[in-house]
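Structural overview
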Amino acid sequence: MTLTRTTCPYCGVGCGVLAAADGTIKGDPDHPANFGRLCSKGAALGETIDLDGRLLHPQINGVRANWDTALDMVAQRFSDAIAQHGPESVAFYASGQMLIEDYYVANKLMKGFIGAANIDTNSRLCMASSVAGHKRAFGTDTVPGTYEDLEQADLVVLVGSNLAWCHPVLHQRIAAAKQARPHMRIVNVDPRRTATTDLADVHLRIAPDGDVALFNGLLAYLAETGKLDKAYTENHVNGLDAALAAAQASDPADSGLNARELADFYALWANTPKVVTAYSQGVNQSVCGTDKVNAILNCHLATGRIGKAGMGPFSLTGQPNAMGGREVGGLANMLANHLEIGNEAHRSAVQSFWQSPTICTKPGLKAVDLFEACANGQIKALWVISTNPAVSLPDADGVAAAIANVPFVVTSDIMEKTDTNALADVLLPATGWGEKDGTVTNSERRISRQRAFLPAPAEARPDWKIISDVAKRMGFSGAFSYGSSADVFAEYVALDQAASAFPRDLDLSIFADADYAKMVPTQWPRNGARFFANGQYYHPDGKAQMVAVTSPVSLNSRFTLNTGRNRDQWHTMTRTGKSARLGAHLAEPYVEMNPVDAAALGALPGALIALQNSRGRVLMRALITPRVAQGALFAPMHWTRQRSTAGTVNSVMTPLTDPISGQPALKASAVTAEVFKAKWYGFLASILEPDPRTTYAAVARTNTGWQAELAGSKNPEDWEAEARLLTGQAEGDLSLQSDAATGGVRIAITQGGRITGLLFVSPNPVVVSRSAIIALIGTDTSALAALAGRNAADRPDPGATVCACFDVGRNTLLAAIAGGASTVAALGDATCAGTNCGSCKPELAALLDQTLQRMAAE
Ligand SMILES: Nc1nc2c(c(=O)[nH]1)N[C@H]1C(S)=C(S)[C@@H](COP(=O)(O)OP(=O)(O)OC[C@H]3O[C@@H](n4cnc5c(=O)[nH]c(N)nc54)[C@H](O)[C@@H]3O)O[C@H]1N2
Ligand SMILES: Nc1nc2c(c(=O)[nH]1)N[C@H]1C(S)=C(S)[C@@H](COP(=O)(O)OP(=O)(O)OC[C@H]3O[C@@H](n4cnc5c(=O)[nH]c(N)nc54)[C@H](O)[C@@H]3O)O[C@H]1N2
Ligand code: SF4
Ligand SMILES: [Mo]
């Protein structure tokens, strides 16, 4: 079996993967991002490359069409809109999951040939505040850090980052570094406790958006204690006095931390020169995201702790090509290759290089505004590529209505059924990971190849090709006649060389003679190069700029809803949702709620909670935990209308944005919370995919078929008919048992001597072992006898999955701990948990800790 050297399509760590068509997946030992490691999502890639659910042919209005018809139609409708309403009447909404080649071509078509800048991307929801903050401070969007800096630091401050779940391999590298250098300190700044907190020496439970106050306080402290690097600021930095004055006027108590916590953190930071402050969405996704970024950069600039090994600010990128998208200029306020729309010389250089008829002269609409323009009728034709905005944008129901309002909508996706595809006129099938060729840039500016190891399925085509084919049909053949992704990459590098006279950080000359086929992971400007080592920045006078920043006013709501990610799901689950192993980690939408709030609301474990505001309403399972503070709620972003009836959290997220970056504040929305009293609760396992329309439903894959968590506000008249409807099984024998004492109902459907569907219903949240029920699907009907009158208690319940690689549940681990396993390694020996990808090690450590403490107390 030959293994193809490629790159993981998920997070911005950008791990090297060795893959083969039979589903073999290994970490690439030679890739400098991961040196052979993979996390649970990367390790499960082999389970997500099947063709189930794929979009395999173009569709027009839900009917299969051929490519020529579809491409002609897209080109015609875009050209018509431009002719009638001007270039600003059309828009592209693209993605940090597109490859550099796809992204470059889409950006070129919009900015150089359509002549407007209405191409924005999901990176607006992700990195825009970091981009804006970098530009203010450095004059460019430069991420100066490298992964080695994180390993060499004596103090790593993780701000608004759940690294353990979102950048797991980087987290493992830091954990290994800490083990090798035990004096290394880790501080986690996050309003809630997460798996990342478990590795940290200190958890600073900051108030939502308290970050500016925290870092302003730090700057004031550094000044007061004589820790500023005066020589550095005099030679290399502007704006110290104004930034310091603003910092001194700001109240550190607004951070929500107490005086002791602040004093300890400030002293630690001040006295540890080798400090890396790494940050992610808890910083970026905020009404003051850009100010948060600059508050952090200010502290590094004022101490000269930047441009040297083991120190500096580090914005962690989320998507596999978030960084590449910034490089090609695929945001509405950028041109291309780190050149500026507002700069006449830049514009004409790009236009003459592209030999384009026109060039955009002003920034286009940023994501939230772009969908607002869809709602108000400005946008007549919209193309959505490699993203699912009907789920991932705030005010998701409003966004869905806005998309539906656009006269012509086309989507390019690998999957057929997504919430956004449901609103489109034309669907174009793209080749996915493993089938396509191109490049991505990771968080440390390293460009790696994605390589195909599978044939393109049915009629799917690469994104760069689809976009080029539309461009050609719009009359721009000469400029879009690429023969391969290698051609596009070569042009991208050539544009960079053509622009070499402009002072910029981006420098792709190292790729000028690269052999695309054999390209190895390479950092720009040069492997191991260090930005700002000489104290030179990209503002006209060569200096960096400190920015005066102030804290925002707080939301002032009884409940503030925070959102983010689960360890084993990727965004809107179109790919990770295919894996039963990954689904088992957390199988339904949940809301973390503090026990005091739960008691006040009368919420018992397993209750459903309704979260509501003027935008919409969602229903989620209560996960009652002190990990969140009182008044704070946390819910995952992953559930869609395809997988749940009421679990799309962005239905209640408000579209407030940062005024500078335009990035929406996806970490804080005011909501009301109350217990939703369902008439009945249900759990269903079936061989067929259910499509429940009950008030609450969450569907997930299992290793025997499918499962659904259910609840309804009305009891159906006939449970037997309801069970057939819910399981989609009109055929088969059905048996019903009801328990008068509890009001519970249990229905089994069998076909050909096998169990094909099981439904448990109860007036209270259903207590059965999910995994035991799931295991019965497809087995002999004789197993039903064991179920009678009992909740499958005869089988040991492994509990919620902790280790996805080996499917090890919480109860299995508790049994192993009770049996004497007292370290993560011993748990691994006893149960295999944590011995493959290691993503669950933080959870294993936390479980050990809690359980051993409890055992000691007993
Ligand atoms: N498993 C998994 N990994 C992923 C992804 C995925 O979907 N699944 N997506 C990738 C992408 S695109 C991205 S952008 C990254 C995101 O990676 P992260 O940013 O690490 O992940 P999030 O869970 O969005 O948010 C991080 C933390 O910010 C905290 N936070 C909320 N408000 C505040 C605040 O005001 N201040 C501070 N300091 N913290 C706050 C939240 O409580 C949360 O724990 O993950 C990438 N990796
Ligand atoms: N509440 C809340 N909302 C959030 C966030 C949050 O923290 N909280 N985070 C935000 C952030 S940081 C991000 S990055 C976004 C992500 O949000 P989205 O980008 O909307 O989410 P994905 O599920 O990654 O969507 C990718 C789509 O592209 C398809 N696809 C996969 N591969 C290919 C391909 O090769 N070609 C094409 N054409 N399509 C492909 C997938 O099937 C899927 O439909 O969500 C944002 N929304
Ligand atoms: S950490 Fe996991 S998801 Fe991220 S690139 Fe590596 S294997 Fe993929
Ligand atoms: Mo992201």
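Residues numbered from 1 in each chain as written. Chains lettered and ligands numbered in written order. Predicted model: local features only at pLDDT ≥ 70, side-chain atom pairs only at ≥ 80, totals over all residues. Heavy atoms only, no water.

As recorded in an unreviewed UniProt entry, the protein goes by Nitrate reductase and comes from Sulfitobacter pontiacus. Heading Sequence similarities (unreviewed entry) of the UniProt record for the protein holds this comment: "Belongs to the prokaryotic molybdopterin-containing oxidoreductase family. NasA/NapA/NarB subfamily." (UniProt positions renumbered as here; feature names shortened; annotations may be inferred.)

Lining the immediate environment of ligand 3, one finds Cys8, Tyr10, Cys11, Gly14, Cys15, Leu38, Cys39, Lys41, Gly42, Pro168 and Val169. The set of elements that each furnish at least two residues to the shell around ligand 3 consists of helix H1 (40-43) and helix H7 (168-180). Looking at the shell around ligand 3, its residues break down into eight nonpolar, two polar and one charged. (Near = heavy atom within 4 Å. Helix = DSSP H or I, 4+ residues; strand = E, 2+ residues; numbered from the N terminus. Nonpolar A, V, L, I, M, F, W, Y, C, P; charged D, E, K, R; others polar.)

For the rest of this paragraph, the subject is the site of ligand 2. Around ligand 2, the surrounding shell holds 33 residues, and the nearest of these are Gln97, Asn122, Ser392, Asp413 and Thr572. Here a nitrogen atom of ligand 2 sits 2.8 Å away from a polar atom, N or O, in the side chain of Thr563. Between ligand 2 and Thr574, the relevant distance is 2.8 Å, taken from an oxygen atom to a side-chain nitrogen or oxygen of the residue. Grouping the amino acids of the shell around ligand 2 by side-chain chemistry returns nine nonpolar, 18 polar and six charged. Each of domain 2 (59-126 + 321-523) and domain 4 (559-676) accounts for three or more of the residues forming the shell around ligand 2. (Polar contact = N/O pair within 3.5 Å; in protein donor to acceptor, adjacent residues only side chain to side chain. Domains from an automatic or database assignment.)

With that settled, the discussion passes to helix H16 (residues 367-375). Every buried residue of H16 is listed here: Ala367, Val368, Leu370, Phe371, Ala373 and Cys374. Summarising the contacts, the buried residues of H16 are in contact with strand E6 (90-94), strand E7 (119-121), strand E14 (381-385), helix H17 (389-392) and helix H18 (396-404). Just downstream of H16, Gly377 is the residue with a positive phi angle, here 95°. (Buried < 20%, exposed > 50% of the residue type's maximum accessible area, 1.4 Å probe, protein only. Contact = heavy atoms within 4.5 Å.)

This part takes up unusual backbone geometry. Trans peptide bonds make up the majority, and among non-glycine residues the majority have a negative phi. With omega at 0°, the peptide bond leading from Trp524 into Pro525 counts as cis. Mapped onto the elements of the fold, Pro525 is located in the loop between strand E19 (522-523) and strand E20 (544-545). One non-glycine residue with positive phi stands out, namely Gln355, at about 50°. Looking at the element boundaries, Gln355 is found in the loop between helix H15 (344-354) and H16. The class of Gln355 is exposed, set by a relative accessible area of 68%. The backbone of Arg445 shows a phi angle near 65°, a positive value even though the residue is not glycine. In this structure, Arg445 sits in the loop between strand E17 (438-441) and strand E18 (446-450).

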